[in-house]
Amino acid sequence: MRRLPEVLIEPVVRLALAEDLGRAGDVTAMACIPENARMKAAFAARKPGVLAGIDCVRLTVLAMDPKASVDLRLRDGDAFDAGAVLAVVEADARAFLSAERTALNLVGRLSGVATLTRTYVETVAGTKARIADTRKTTPGLRALEKHAVACGGGINHRFGLDDAILIKDNHVAVCGGVAEAVRRAKAFAPHLMKVEVEVDGLDQLDAVLALIDEGAAPDVIMLDNFSLDDLRAAVARVAGRIVLEASGGVDLTTVRGIAETGVDVISVGALTHSAPVLDIGLDAL
């Protein structure tokens with residue numbers, strides 16, 4: 001599993017620590033912990049899951065105590081059982097206790113995303129469908145959360161508004177039609193930028209498919225809130241000529257049926273907007 005560049009993690013860690021330390025720092029640690037006291041503890045899983053964000057632990061601890069020893073026992077993308085030790089840290093006690101909650105918040109949040117993603121990926125195993133995230137991410141945490149999706153075996157949709165063209169219903173409404181919106185997008189897009197269009201029915205799909213003969217077809221068609229019968233009909237009509245993405249109404253009870261219609265990608269907002277935080281704790285050694 002590739003590691004997330006530290007340059008993307010460090011600003012998040014700094015902001016999170018500043019939010020927690022406030023104006024005066026950790027007054028509880030300063031009041032109760034002797035100066036120069038040392039502490040050793042393990043980050044341990046309370047529940048099984050898939051790890052993401054372990055470097056957040058390391059960088060959070062080191063931000064508070066640059067001389068700390070941080071032994072990472074697992075890597076992002078590793079599955080683990082309840083009770084597994086994810087990392088062992090030895091550091092200045094005041095600094096470590098000040099870093100504890102920020103480190104746990106980040107690794108718990110990201111591992112929750114990775115764990116939920118892995119569940120979706122396993123649910124569609126044996127089909128050709130791939131599970132993708134969306135832009136429904138926590139503001140400021142998009143790069144980390146999309147990394148967590150990849151740790152769980154999912155794929156990343158566009159990261160922002162600038163790296164791909166995605167024509168949705170409101171764009172179509174302003175343009176005056178789905179075909180016209182796609183024509184404009186294809187004329188605008190550089191050769192390395194993909195164009196995707198959302199359609200909400202088979203009639204719109206047919207209008208998009210008519211663009212194939214013009215050489216103006218999009219790279220991807222998003223089938224938004226289609227019934228299973230309409231998804232199967234869309235797959236048959238497209239016949240592999242354009243990548244098909246299903247979206248809307250996707251959860252763990254419906255995703256298998258959607259995958260079995262033959263679509264290529266299923267985008268799931270819940271991977272990031274509804275993933276529960278994985279229970280990870282800190283145990284003194």
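Above this note sits the structure.
If you're wondering where the values come from, they're calculated on a predicted model, not measured in any experiment. (Residues numbered from 1 in each chain as written. Predicted model: local features only at pLDDT ≥ 70, side-chain atom pairs only at ≥ 80, totals over all residues. Heavy atoms only, no water.)

Asks: Any chance you could explain the overall build of the chain here in plain terms?
Replies: A count of helices and strands for the chain gives 11 helices and 12 strands. Its C-alpha atoms give the chain principal-axis dimensions of roughly 75 × 35 × 25 Å. For the chain, the residues scored as buried account for 49% of the 285 residues in total. For the chain, restricting intrachain contacts to residue pairs at least 6 apart in sequence, the fraction spanning at least 24 positions comes to 74%. (Helix = DSSP H or I, 4+ residues; strand = E, 2+ residues; numbered from the N terminus. Buried < 20%, exposed > 50% of the residue type's maximum accessible area, 1.4 Å probe, protein only. Contact = heavy atoms within 4.5 Å.)

Asks: What is the right way to read the sheet that holds strand β8 (residues 195-199) from this model?
Replies: Hydrogen bonds along the backbone pair up the strands of a sheet, which may run parallel or antiparallel. The parallel open sheet is built from six strands, whose spatial order is β6-β11-β10-β9-β8-β7. A single partner strand is all that each edge strand has here, and the edge strands are β6 (130-132) and β7 (165-167). On average, each strand axis in the sheet is inclined to that of its neighbour by 25°, with strand direction left out of account. Relative to strand β11 (residues 265-267), β6 runs parallel, the two being bridged by three bridges. What sits directly across from A132, in β11, is S267. Across the sheet, helix α9 (residues 228-238) touches β9 (220-224) and β10 (243-247), and the angle it forms with β10 is around 170°. (Pairing = 2+ DSSP bridges. Axes fitted to C-alpha atoms, helices over the stretch in contact; angles between N-to-C directions.)

Asks: Help me understand the side chain of S267, please; the structure alone is not making it clear to me.
Replies: Structurally, S267 can be placed in strand β11. Within the structure, the side chain of S267 is placed 3.4 Å from the side chain of S247, a separation counted as a polar contact. If sequence neighbours within four positions are ignored, S267 has contacts with A132, D133, T134, H157, E245, A246, S247 and V250. (Polar contact = N/O pair within 3.5 Å; in protein donor to acceptor, adjacent residues only side chain to side chain.)

Asks: Got a minute to help me understand the packing of helix α8 (residues 202-209) against α9 in this structure?
Replies: How two helices sit against one another is set out by the angle between their axes and by the gap between those axes. At a minimum axis distance of 11 Å, the contact between α8 and α9 shows a crossing angle of 15°. Classed by the angle they form, the pair α8 and α9 counts as roughly parallel. Taken as a pair, α8 and α9 cross one another with a handedness that is right-handed. Residues L202, L205, D206 and L209 of α8 lie in contact with α9, whose contacting residues are D230, A233, A234, R237 and V238. The residue inventory of the contact of α8 with α9, partitioned by class, reads six nonpolar, no polar and three charged. (Parallel < 35°, antiparallel > 145°, perpendicular 65-115°, else oblique. Left-handed = near helix turned anticlockwise from the far one by under 90°. Nonpolar A, V, L, I, M, F, W, Y, C, P; charged D, E, K, R; others polar.)

Asks: I keep staring at the nonpolar core and nothing clicks. Help me out?
Replies: Within soluble globular proteins, side chains that are nonpolar generally end up buried alongside one another. Residues Y120, I167, L205, I221, L223 and I266 are the most contacted members of the largest nonpolar core, which totals 61 residues. Among the elements that take part in this core, helix α4 (residues 93-123) stands out by supplying six residues, more than any other. Every residue in contact with I221, bar those within four places of it in the chain, is listed here: E196, V197, V199, L205, V208, L209, I242, V243, L244 and E245. (Core = buried A, V, L, I, M, F, W, Y, C linked by side-chain atoms within 4.5 Å.)

Asks: Can you walk me through empty space enclosed by the protein in this structure?
Replies: Over the atoms rolls a probe the size of a water molecule, and in doing so it shows where empty space is left. If you walk through the whole model with that rule in mind, you get one cavity of 30 Å³ or more. When its volume is computed, the largest cavity comes out at roughly 50 Å³. As for the largest cavity, its lining consists of R3, L4, I9, G53, I54, D55, C56, D76, L110, L144 and H147. For the lining of the largest cavity, the elements supplying multiple residues, two or more each, are α3 (54-64) and α5 (142-151). The greatest single-element share of the lining of the largest cavity, amounting to three residues, is contributed by α3. Of the residues in the lining of the largest cavity, the class split is six nonpolar, two polar and three charged. (1 Å grid on protein atoms, 1.4 Å probe; cavity = no way out; pocket = protein on both sides within 12 Å on 5 of 7 lines; lining within 4 Å. Points joined across faces, edges and corners; volume = space filled by probe spheres on them.)

Asks: Where do I start with the packing of aromatic side chains in this structure?
Replies: Centre distance and the angle of the planes are the two values used to describe a pair of aromatic rings. This model, assessed by the stated rule, comprises one aromatic pair. With a centroid separation of 6.2 Å and 45° between ring planes, the pair formed by F43 and F96 is classed as tilted. With F43 in strand β1 (residues 38-45) and F96 in helix α4, this pair connects stretches of sequence that are 53 residues apart. Comparing F43 with F96 shows no difference in burial state: the two are buried. (Phe/Tyr/Trp six-rings, centres within 6.5 Å; stacked < 30°, edge-to-face > 60°.)

Asks: How should I be thinking about the sheet that holds strand β12 (residues 280-284) in this particular structure?
Replies: In space, the four strands of this open sheet follow the order β3-β5-β1-β12, with antiparallel pairing throughout. The strands lining the two open edges of the sheet, one partner per strand, are β3 (69-72) and β12. Each strand axis lies, on average, 20° off the axis of its neighbour in the sheet, ignoring direction. The pairing of β3 with strand β5 (residues 85-92) spans four bridges and is classified as antiparallel. Across the sheet, L72 pairs through a bridge with A87, a residue of β5. Sitting on the sheet, α3 is in contact with β1, β3 and β5, with an inclination near 175° to β3.

Asks: Help me out: how do you make sense of the layout of surface pockets in this one?
Replies: Its volume calculated, the largest pocket comes out at about 440 Å³. For the largest pocket, the lining is made up of 20 residues, of which N156, H157, K194, E196 and V220 are closest to its centre. Elements with a minimum of two residues in the lining of the largest pocket: β6, β7 and β10. Approximately 380 Å³ is the volume found for the second largest pocket. Around the second largest pocket sit 21 residues that line it, and T134, K136, K168, S247 and S267 are the ones nearest its centre. Of all elements in the fold, only β9, β10 and α11 (270-273) reach the threshold of two or more residues within the lining of the second largest pocket.

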